[in-house]
Amino acid sequence: MKHLFSRIGGLIHQHAKLTLLLIGIITIAFGFGLPKIQMNTGNSMFVSKHSKIAKDSLTYQKQFGNDMFIIDVQNNDGSTVTPATFKKVSQFTNQAEKIQGIKSVSSVTNILNSELHSSSASTMATGSEGSSAKLQAAMMAQLSKSQKKVLQNQIQKSLSAGQKQKISAYTLTLLTDTQKAKMAQAAASGQTGSATAQASLLTSNQQRKLQGYTQTILTSSQKQALAAQMVTMLPNSQNMKPALLHELVYSNNGKIPTSMSQLLPKNGKHLLVTLTTTANTDMNMNNVQYNKIKKKHWQILV
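Interhelical geometry of helix 4 (residues 83–96) versus helix 5 (residues 108–116) gives an angle of 95° and a closest axis separation of 8 Å. The angle between helix 4 and helix 5 falls in the class roughly perpendicular. Here helix 4 contributes F86, V89, S90 and T93 to the contact with helix 5, which in turn contributes V108, T109, N110 and L112. Taken together, the residues of the contact of helix 4 with helix 5 sort by class into four nonpolar, four polar and no charged.

Right, dumping it as structure tokens:
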């Protein structure tokens, strides 16, 4: 073997110019074939692209074969469930959805907003007895005076004659002697009806007690209609007051329910935002997307 290699080396040394010329010709010939070389790491390396398994695999890739970016948002103050954090996440979501190749962006803000605008949103305000009372109180505190007036008018229209009598009798127990005297004068002059007169005389504390009592005598259908109307008046989660946002998110006895726990790990100490790409993105596109996501992340979330 050693003798063979020595002989080959000698021939190359004796015919150096010819050897270089042959190497050059071979290199040029190979160069024409380089553009035809293709990289293929897909299923077509193993099965025909016309086979059923290849077609099924392609359908699966189009539906589920996407890459995903995950952003972990943390708040130095502890919980990320704050209007300020939700507002930043909402702004980031709107910007990230415009990045080329990003199919969808998912966060607790758009999921919660979607639930608020769904047909079953009223169930959030008519849940268990203890949690729904706090939630309804937070909802009422979120509403403006005009919105509260609309709700009160809706309640009055839905009341039966018996319910109205109970409310009138309960209202009398709240009135002071001075208020009763003024109400009698108003009724005697015929300027207004007794129910309206009673309502106008009540203090804020008396009105809260009356509203609480009214809730106790409403039927389940009346409560559901009231809750449905109330939910339609609520703003998006990023524009809510802290108390209402806290009650909505920590609705499982002060903890985050399972349906939102994956987006708010460690009971809200972290907030995850997931960005799903389209199926036809490559490594170069992913790199461009990463840089744009990182830029928008620092501009808005930090």
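If you check helix 8 (residues 161–174), its first and last C-alpha atoms are 20 Å apart, about what 14 residues at 1.5 Å a residue would give, namely 20 Å. Listing the buried residues of helix 8 in full gives Q163, I167, T171 and L174. Taken down its axis, helix 8 places every buried residue within 75° of arc, on the same side. Pointing more than 90 degrees away from the buried face of helix 8 are the exposed residues A161, Q165 and T173.

For the rest of this paragraph, the subject is the sheet that holds strand 2 (residues 102–106). Sheet architecture is open: three strands sit in the order 1-3-2, paired in antiparallel fashion. Of all the strands in the sheet, the pair left with one neighbour each is strand 1 (68–74) and strand 2. Pairwise comparison of adjacent strand axes, ignoring direction, gives a mean angle of 20° for this sheet. For strand 1 and strand 3 (residues 270–277), the ladder comprises seven bridges, and the chain directions are antiparallel. Paired with F69 across the strands is L275, a residue of strand 3. Contacting strand 1, strand 2 and strand 3, helix 4 crosses the sheet at an angle of about 10° to strand 3.

Turning to the confidence of the model for the chain, a few remarks are in order. The predicted coordinates of low-pLDDT regions are not to be read in fine detail. Model confidence for the chain is summarised by a mean pLDDT of 79, while 76% of its residues fall at 70 or above. For the chain, per-element mean pLDDT is lowest for helix 10 (residues 194–201), which scores 62, and highest for helix 13 (residues 242–249), which scores 92.

A few words on a nonpolar patch on the surface. Residues L18, L21, L22, I25, I26 and F30 make up a contiguous nonpolar surface patch of about 620 Å² in total accessible area. One can find L21 in helix 2 (residues 16–33).

A few words now on the nonpolar core. Core analysis: the biggest nonpolar cluster contains 49 residues, and F86, L244, V249, L271, V273, L275 and I293 have the highest contact counts within it. What I293 contacts, discounting residues up to four positions off in sequence, is F69, I71, F92, I99, I102 and L275.

Reading the values: the criteria
Residues numbered from 1 in each chain as written. Predicted model: local features only at pLDDT ≥ 70, side-chain atom pairs only at ≥ 80, totals over all residues. Heavy atoms only, no water. Axes fitted to C-alpha atoms, helices over the stretch in contact; angles between N-to-C directions. Helix = DSSP H or I, 4+ residues; strand = E, 2+ residues; numbered from the N terminus. Parallel < 35°, antiparallel > 145°, perpendicular 65-115°, else oblique. Contact = heavy atoms within 4.5 Å. Nonpolar A, V, L, I, M, F, W, Y, C, P; charged D, E, K, R; others polar. Expected span 1.5 Å × (residues − 1). Buried < 20%, exposed > 50% of the residue type's maximum accessible area, 1.4 Å probe, protein only. Arc of directions from axis to C-beta. Pairing = 2+ DSSP bridges. pLDDT = per-residue confidence, 0-100. Patch = residues over 30% accessible without salt bridge, like charges linked within 9 Å, V, L, I, M, F, W, Y side chains within 5 Å. Areas by Shrake-Rupley, 256 points an atom, 1.4 Å probe, with all protein chains shown as cover. Salt bridge = Lys/Arg side-chain N within 4 Å of Asp/Glu carboxyl O. Core = buried A, V, L, I, M, F, W, Y, C linked by side-chain atoms within 4.5 Å.

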